[in-house]
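# Observations on the model geometry
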Amino acid sequence: MTNGDKKKAFIRATHNMQDAEKRWKERTKTGLTDEQLSQALRYELGIAGGSGSRDTLSIAYEGSGLKIWAGWKSINPYMEQPIFEGQQTINMARMVFGIIDPNDKQMTLF
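We now turn to the structure provided with this report. (Residues numbered from 1 in each chain as written. Predicted model: local features only at pLDDT ≥ 70, side-chain atom pairs only at ≥ 80, totals over all residues. Heavy atoms only, no water.)

This next bit is on the overall build of the chain. When you go through the chain residue by residue, the secondary structure sums to four helices and three strands. What you see in the chain, going N to C, is helices and strands ordered as α-α-α-β-β-β-α. By the compact-globule yardstick of 13 Å for 110 residues, the chain fits well, its C-alpha radius of gyration being 14 Å. Principal-axis analysis of the C-alpha atoms places the extent of the chain at approximately 45 × 25 × 20 Å. Per-residue burial over the chain gives 37% buried out of 110 residues. Within the chain, residue pairs in contact and separated by at least 24 positions form 47% of the contacts whose partners lie at least 6 positions apart. Of the roughly 7000 Å² of accessible surface on the chain, a fraction of 52% belongs to carbon and sulfur atoms. (Helix = DSSP H or I, 4+ residues; strand = E, 2+ residues; numbered from the N terminus. Rg over C-alpha atoms; globule rule 2.2 N^0.38 Å. Buried < 20%, exposed > 50% of the residue type's maximum accessible area, 1.4 Å probe, protein only. Contact = heavy atoms within 4.5 Å. Areas by Shrake-Rupley, 256 points an atom, 1.4 Å probe, with all protein chains shown as cover.)

This is the structure in structure tokens:
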């Protein structure tokens, strides 16, 4: 999987709840601590879910552990390693959505 594939999988997994895009835009405006971002991701990922079909990226995700799996073939979350988990998922959310940590004083220099 390419980095672009991973980014697409991340965006699909974090946009499965109604009005997710609107909530992510609001979160970008205010910034979130790691704990707040973790809670937001758990909400957006939900308990568990996934999707896939022929010729599309298959994904699975779960809020517990902030885990996201993806692949071009059918995936089995019980046997495969997630492409994002825990802090990796938080870091990806910061990169994809541009969410700063208001407690990170270094960010205020830019």
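Another point: helix α2 (residues 20-30). For α2, every residue scored as buried is listed here: Ala20, Trp24 and Arg27. What you see down the axis of α2 is that its buried residues fit within an arc of 60°, all on one side. Facing away from the buried surface of α2 by more than 90 degrees, the exposed residues are Lys22, Lys25, Lys29 and Thr30. Packed against the buried residues of α2 are α3 (34-45) and α4 (87-97). (Arc of directions from axis to C-beta.)

What follows is about the sheet that holds strand β3 (residues 67-71). Note on sheets: strands pair through backbone hydrogen bonds, and any given pair is parallel or antiparallel. An order of β1-β2-β3 is seen for the three strands of this open sheet, with the pairing classed as antiparallel. Edge positions in the sheet fall to β1 (49-51) and β3, since each has one partner strand and no second. Between one strand axis and the next, the sheet turns by 10° as a mean value, whatever way the strands run. (Pairing = 2+ DSSP bridges. Axes fitted to C-alpha atoms, helices over the stretch in contact; angles between N-to-C directions.)

We now examine the pattern of salt bridges. Pairing between side chains of opposite charge can happen when the charged atoms of each approach one another. Taken as a whole and assessed by the stated rule, the structure comprises seven salt bridges. Residue Lys25 is joined to Glu21 by a salt bridge in which the shortest nitrogen-to-oxygen separation is 3.6 Å. Of this pair, Lys25 and Glu21 are both found in helix α2, four residues apart, which corresponds to roughly one turn of the helix. Residue Glu21 is classed as partly exposed on the basis of its relative accessible area, which comes to 48%. Across the pair Arg23 and Glu44 runs a salt bridge whose closest N-O atoms are separated by 2.6 Å. Linking Arg23 in helix α2 with Glu44 in helix α3, this pair joins segments that are 21 residues apart in sequence. Given a relative accessible area of 21%, Arg23 falls into the partly exposed group. Each of Arg23, Arg27 and Glu44 takes part in salt bridges that share partners, so that together they form one network. (Salt bridge = Lys/Arg side-chain N within 4 Å of Asp/Glu carboxyl O.)

Running from N to C, α2 and α3 cross one another at 175°; their axes reach a closest spacing of 12 Å. Considered as vectors, α2 and α3 are oriented roughly antiparallel to each other. Contact residues: α2 offers Ala20, Arg23, Trp24 and Arg27, while α3 offers Leu37, Ala40, Leu41, Tyr43 and Glu44. Looking at side-chain class alone, the contact of α2 with α3 contains six nonpolar, no polar and three charged residues. (Parallel < 35°, antiparallel > 145°, perpendicular 65-115°, else oblique. Nonpolar A, V, L, I, M, F, W, Y, C, P; charged D, E, K, R; others polar.)

Without other data, these values stay purely geometric and don't point to any function.
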